Amino acid sequence: EAGVVQSPRYKIIEKKQPVAFWCNPISGHNTLYWYLQNLGQGPELLIRYENEEAVDDSQLPKDRFSAERLKGVDSTLKIQPAELGDSAVYLCASSLGGDEQFFGPGTRLTVL
Amino acid sequence: GEDVEQSLFLSVREGDSSVINCTYTDSSSTYLYWYKQEPGAGLQLLTYIFSNMDMKQDQRLTVLLNKKDKHLSLRIADTQTGDSAIYFCAVMLSGGYNKLIFGAGTRLAVHP
């Protein structure tokens, strides 16, 4: 069974540019999560989807971050415009029922 | 809010046992997890324990939970060089939110 797929794996952009990350969860998993992992820290939840619905986006900086999960499968996380402080690893995870979350390899973003 | 604390670094000799410790603040946490992260990779779920248990064993891994002291530990028996990684403790908040709160991670270094 394929795991959580994320792309791109690495992205380097200049500040003020837009950037988008894509996630394909494990087949059949209805819950999808986006996490932010800063260097030397644990992941922090940005947004959680139950199917198409964003049920917890309290930690998502809505002035520049947006996310969508059309059709309740793949998801895209966007930053516009990116700032230097957005440099981090963006992790996607999925679960069926919520007890076990399975993580993708992440997208490492560098903002110059 | 919930806080999860871990020591940052642990060094052990190959073949010895490793014990990674974690403390948390939310006494109503439902599930408690251990994840492993190797360089450049996402998080791999190692094991988890439900809050009404005090011990769980899975091959070389033993998880101990002391609810009174809000202390969780992961013991790795016969530690190997392939166990070198960062280990994250995470707790799930109660209330059906499926929200994981992670510690900052413990870097385990295994030397010959």
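All residue numbers here refer to positions counted from 1 along the written sequence of the relevant chain. Going through the entries in the order they are written, you letter the chains from A and number the ligands from 1. Side-chain atom pairs in this predicted model are given and counted only at pLDDT of 80 or more, local residue features only at pLDDT of at least 70, and totals for whole chains, interfaces and linings cover all residues. Computation of side-chain values covers all heavy atoms of the structure but excludes hydrogens and water.

Asker: What's the story with the interface of chain A and chain B in this structure? I'm lost.
Answerer: One widely used convention gives an interface's size as the accessible area the parts lose upon coming together. In what follows, residue pairs with any heavy atoms lying within 4.5 Å of each other are defined as contacts. Each partner contributes residues to the interface: chain A has 23 residues there, and chain B has 20 residues. We define buried area as the total accessible area lost by two parts upon association, computed with a 1.4 Å probe and summed across both. Here chain A meets chain B over a buried area of about 1,600 Å², counting both sides, of which 47% is carbon and sulfur. Pairs of N or O atoms are called polar contacts if they sit within 3.5 Å, as long as, within protein, a hydrogen donor faces a hydrogen acceptor (for residues adjacent in sequence, only side-chain-to-side-chain pairs). At the surface where chain A touches chain B, the tally comes to 4 residue pairs in polar contact (both at pLDDT 80 or more). Those elements that provide at least two residues to the side of chain A that touches chain B are strand S4 (31-37) and strand S5 (44-50) of chain A. Amino acid classes used here: Ala, Val, Leu, Ile, Met, Phe, Trp, Tyr, Cys and Pro are nonpolar; Asp, Glu, Lys and Arg are charged; the rest, including Gly, are polar. Its residues assigned to classes, the side of chain A that touches chain B comprises 7 nonpolar, 10 polar and 6 charged. Numbering of helices and strands runs from the N terminus, with a helix taken as a DSSP run of H or I at least four residues long and a strand as a DSSP run of E at least two residues long.

Asker: Which parts of the structure should I look at to understand the state of the cysteines?
Answerer: In protein structure, a disulfide is the covalent linkage between the sulfur atoms of two cysteines. All names here are of chain A. Pairs of cysteine sulfur atoms within 2.5 Å are identified as disulfides in what follows. Tallying each qualifying case throughout the model produces 2 disulfides over all chains. One disulfide in the model links Cys-23 with Cys-92; its S-S distance is 1.9 Å. Judged by the sign of its S-S torsion, about -70 degrees, the bond between Cys-23 and Cys-92 is left-handed. Here Cys-23 is found in strand S3 (residues 19-24), whereas its partner Cys-92 is found in strand S9 (residues 88-95), with 69 residues between them in sequence. Under the relative-accessibility criterion, Cys-23 is labelled buried at 0%. Partly exposed describes any residue whose relative accessible area lies between the buried limit of under 20% and the exposed limit of over 50%, with all areas from a 1.4 Å probe on protein chains only and scaled to the type maximum.

Asker: Explanation requested: unusual backbone geometry in the structure shown.
Answerer: With an omega dihedral of -10 degrees, the bond running from Ser-7 of chain A to Pro-8 of chain A counts as a cis peptide bond. Checked against the element boundaries, Pro-8 of chain A lands in the loop between strand S1 (5-7) and strand S2 (10-13). Cis rather than trans, the peptide bond between Gln-80 of chain A and Pro-81 of chain A has omega equal to -5 degrees. Its location among the elements puts Pro-81 of chain A in the loop between strand S8 (75-79) and S9. Residue Gln-59 of chain B is not a glycine yet carries a positive backbone phi of 55 degrees.

Asker: Got a minute to help me understand the environment of Val-55 of chain A in this structure?
Answerer: All names here are of chain A. You can see Val-55 is positioned in strand S6 (residues 53-56). By relative accessible area, which is 34% here, Val-55 ends up partly exposed. C-alpha separation for the pair Val-55 and Arg-9, spaced 46 residues apart in sequence, amounts to 26 Å. The residues contacting Val-55, other than those within four sequence positions of it, are Arg-48 and Glu-50.

Asker: Is there a simple way to explain the packing of aromatic side chains in this structure?
Answerer: Pairing of aromatic rings covers Phe, Tyr and the six-membered ring of Trp, with a centre-to-centre limit of 6.5 Å; geometry is then stacked below 30 degrees between planes, edge-to-face above 60, and tilted otherwise. For the structure on display, the rule yields 13 aromatic pairs over all chains. Where Phe-21 of chain A meets Tyr-90 of chain A, the ring centres are 4.8 Å apart and the plane angle is 25 degrees; that geometry is what we call stacked. In this pair, Phe-21 of chain A sits in strand S3 while Tyr-90 of chain A sits in strand S9, placing the two residues 69 residues apart along the sequence. A relative accessible area of 1% places Phe-21 of chain A in the buried class. Between Phe-103 of chain A and Tyr-35 of chain B, the aromatic rings sit 5.3 Å apart at their centres with planes inclined by 85 degrees, giving edge-to-face as the arrangement. On the criterion of chain membership, the pair formed by Phe-103 of chain A in strand S10 (residues 102-103) and Tyr-35 of chain B in strand S4 (residues 31-37) is interchain, its members lying in two chains. An aromatic cluster is defined as three or more aromatic residues linked by ring pairs; in this entry it consists of Tyr-33, Tyr-35 and Phe-103 of chain A together with Tyr-31, Tyr-33, Tyr-35, Tyr-48, Phe-50, Phe-88 and Phe-102 of chain B. We call a charge positioned over a ring when the NZ of a Lys or the CZ of an Arg lies within 6 Å of the ring centre and within 35 degrees of the ring normal. Here the basic side chain of Lys-56 of chain B rests over the ring of Tyr-48 of chain B, its NZ or CZ set 4.5 Å away from the ring centre.

Asker: In this structure, what is going on with the side chain of Thr-106 of chain B? I would like to understand it.
Answerer: Residues and elements named next belong to chain B. Take Thr-106: it is sitting in strand S11 (residues 106-111). For Thr-106, a relative accessible area of 0% puts it in the buried group. Polar side-chain contacts of Thr-106 include one of 2.5 Å to the backbone oxygen of Ser-7. Once residues lying within four places of it in the same chain are set aside, the contact partners of Thr-106 are Gln-6, Ser-7, Leu-8, Phe-9, Leu-10, Ile-20, Ala-85, Ile-86 and Tyr-87.

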